[in-house]
Each structure stands twice: as structure tokens, then as C-alpha cells.
Amino acid sequence: MKLFLDTADVAQIREVRSWGILDGVTTNPTHVSKTGRPAADVYREICSLVDGPVSLETLSLNADEIVAEGRKLATFHKNVVVKVPLMKEGLKAVKALSSEGIKTNVTVTFSPLQAMLAAKCGATYISPFVGRLDAVGHVGMDLVRQIKTIYSNYGFETEIIVAAVRHPIHVLEAALAGAEICTMSFDVLQQLYQHPLTDIGIEMFLNDWKKVPAS
Ligand code: E4P
């Protein structure tokens, strides 16, 4: 499974890139606002750091304007994926952008039928927000499984980016469900390699090594 970082924080991106496991980045307006920097500067820097897809989100609510915004975002770098919210005007824009060969990530997705429409419009990626569904009493990962089944039933090539991930169990379940990608915060990504028994095991080996006589 590909692992994306869900952030606009370039320090976090640099750090995870150094681990050798960074496959891509997803940003959103909230992440960009937290940087306190002009969006164009942040986007250029992120694209220069990441060797993989970088999702940049549109803000317009009308199809023609989303397309214009998407075309502009796509000029930042060849790896840019235009992130478009799942709404009627968004779907129209996704259809137009995909026919121009511009990659799209359809975001803020909460139902399998929304995901089917996005795939029919040629979306490159679909982003179901599992954590936000969990927060209102649904099983977010059920949505991922349903989308996976629908896409497999009809041979849609749209890839699933499991999003709004809150903890490592979400990542595990996404992998078990066969989602192609999971995007997560720096905190969740860090938790994937940490294990208290690993720390205890390393400490034990280092202590025992001190008892080995010098040659
Ligand atoms: C994914 O692409 C989104 O940026 C992200 O996961 C949004 O979810 P959250 O704000 O609920 O974390």
C-alpha cells in the first residue's frame, strides 16, 4: 500500500522523505492555512520535495471555475493532482479535467454511490473520509470496502485514498481492505513503526552485549 502524508508542513515532508517511505502528499485548505504562508510558495516547495503525487485542492463551487483553477494548479508541477470536492459541479469539472489528462482526487467523500459517480467521471483517485464517518457513529471503513467492491465489479481504475485517518488501526484496516493508498498525519505515520516491545527488545540486546567479553 502506498503511504501519503496529509499535510502542508514542509518540515514534516522532509522528515518522512528521509525515512524512504513517502509515496505522495495530500494537502487541503486547512493544512495550507496552518502554514501561514502564501499557497503558491507552499505548493512549489512541496512539489520540489516529493517524488510522487501531490494533491492540491480547488476552492471554486462552479464547474468552469474549478476547471480553470485545476488547470492553473496543474502548471505547478507534473506530479500535481487536482483535488476536487464531491459535488455536482465538482463531478462536471473532474470529467473535463480528466479528458484533458489532468489527474484528479475527488475528496470529501462519504458514500459508495458518490464514489461510483466520481469513477464514472474519470477520477484518478477517490478519498473516503473514514475518521469523520466514525465520529458520527458510522463504520468509516465499511465505506472503503464498499467502494473497493464496486470498483472491482465494474473494472473502474480509480484508486482509493483512505483519508481522515485517526490512528494506526485505520491504516491496518485500509491495507486489509485492499485500498491502494492511505493518507495520514505525521503523528499517525510515526506510530506505524513504534512498538514498546521493540524498544524493550533493543534495550535488552544492548545490555546483554555489554556482558560479552572484549577480544
Ligand atoms: C485528505 O485528503 C484530507 O486532507 C484529510 O484526510 C481531511 O480529513 P481531516 O481534516 O478530517 O483529517
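Since this is a predicted model, take the numbers as computed values, not measurements. (Residues numbered from 1 in each chain as written. Predicted model: local features only at pLDDT ≥ 70, side-chain atom pairs only at ≥ 80, totals over all residues. Heavy atoms only, no water.)

## Considerations on the layout of surface pockets
Gaps left between atoms are located by rolling a probe of water-molecule size over the structure's atoms.
Right, so step 1: In this model, the largest pocket occupies a volume close to 350 Å³.
Right, so step 2: Together, 21 residues line the largest pocket, and Asp6, Asn28, His31, Ala164 and Arg166 are the ones closest to its centre.
Right, so step 3: Sorting the residues of the lining of the largest pocket by element identifies helix H2 (29-35), strand S8 (181-184) and helix H10 (186-193) as the ones contributing at least two each.
Right, so step 4: It is H2 that provides the largest number of residues to the lining of the largest pocket, a total of three residues.
Right, so step 5: Residues belonging to the lining of the largest pocket are distributed by class as follows: six nonpolar, nine polar and six charged.
Right, so step 6: In terms of lining, the second largest pocket is formed by Pro29, Val32, Ala39, Ala40, Tyr43, Glu57, Leu59, Glu69, Lys72, Leu73, Thr75 and Phe76.
Right, so step 7: When residues of the lining of the second largest pocket are traced back to their parent elements, those giving at least two are H2, helix H3 (39-49) and helix H4 (63-74).
Right, so step 8: Each residue belonging to the lining of the second largest pocket can be placed in one class, and the counts come to eight nonpolar, one polar and three charged. (1 Å grid on protein atoms, 1.4 Å probe; cavity = no way out; pocket = protein on both sides within 12 Å on 5 of 7 lines; lining within 4 Å. Points joined across faces, edges and corners; volume = space filled by probe spheres on them. Helix = DSSP H or I, 4+ residues; strand = E, 2+ residues; numbered from the N terminus. Nonpolar A, V, L, I, M, F, W, Y, C, P; charged D, E, K, R; others polar.)

## Quick word on the nonpolar core
Right, so step 1: Core analysis: the largest hydrophobic core is formed by 56 residues, its most contacted members being Ile46, Ile126 and Val162.
Right, so step 2: With six residues, the single largest contributor to this core is helix H8 (residues 140-154).
Right, so step 3: Setting aside anything within four residues of it in sequence, one finds isoleucine 126 in contact with Leu86, Asn105, Val106, Thr109, Ala115, Ala118, Ile147, Tyr151, Thr158, Glu159, Ile160 and Ile161.
Right, so step 4: Core analysis: the next-biggest nonpolar cluster, separate from the first, contains five residues, Phe4, Val81, Tyr125 and Ile161 among them. (Core = buried A, V, L, I, M, F, W, Y, C linked by side-chain atoms within 4.5 Å. Buried < 20%, exposed > 50% of the residue type's maximum accessible area, 1.4 Å probe, protein only. Contact = heavy atoms within 4.5 Å.)

## Quick word on the sheet that holds strand S2 (residues 24-26)
Right, so step 1: Spatial ordering of the closed barrel is given by S1-S2-S3-S4-S5-S6-S7-S8, a layout of eight strands whose pairing is parallel. Geometrically, the sheet is characterised by an average inter-axis angle of 30° between neighbouring strands, direction not taken into account.
Right, so step 2: As judged from the four bridges shared by strand S1 (residues 2-6) and S8, these two strands associate in the parallel manner. Each bridged residue has a counterpart across the sheet, and for leucine 3 the counterpart in S8 is cysteine 182. (Pairing = 2+ DSSP bridges. Axes fitted to C-alpha atoms, helices over the stretch in contact; angles between N-to-C directions.)

## Observations regarding the environment of methionine 87
Right, so step 1: As for its placement among the helices and strands, methionine 87 is situated in the loop between strand S4 (80-85) and helix H5 (88-99).
Right, so step 2: A C-alpha to C-alpha distance of 20 Å links methionine 87 and glutamine 146, two positions 59 residues apart in sequence.
Right, so step 3: Discounting residues that sit within four places of it in the chain, methionine 87 has contacts with Ser60, Leu61 and Ile66.

## Here's the deal with the packing of aromatic side chains
Right, so step 1: Enumeration over the complete set of coordinates arrives at six aromatic pairs.
Right, so step 2: Aromatic pair tyrosine 151 and phenylalanine 156: ring centres 5.7 Å apart, planes at 70°, arrangement edge-to-face.
Right, so step 3: Tyrosine 151 gets classed as buried once you look at its relative accessible area, which sits at 4%.
Right, so step 4: Its relative accessible area of 23% is what places phenylalanine 156 among the partly exposed residues.
Right, so step 5: The structure contains a cluster of three or more aromatic residues connected by ring pairs, namely Trp19, Phe186 and Tyr193. (Phe/Tyr/Trp six-rings, centres within 6.5 Å; stacked < 30°, edge-to-face > 60°.)

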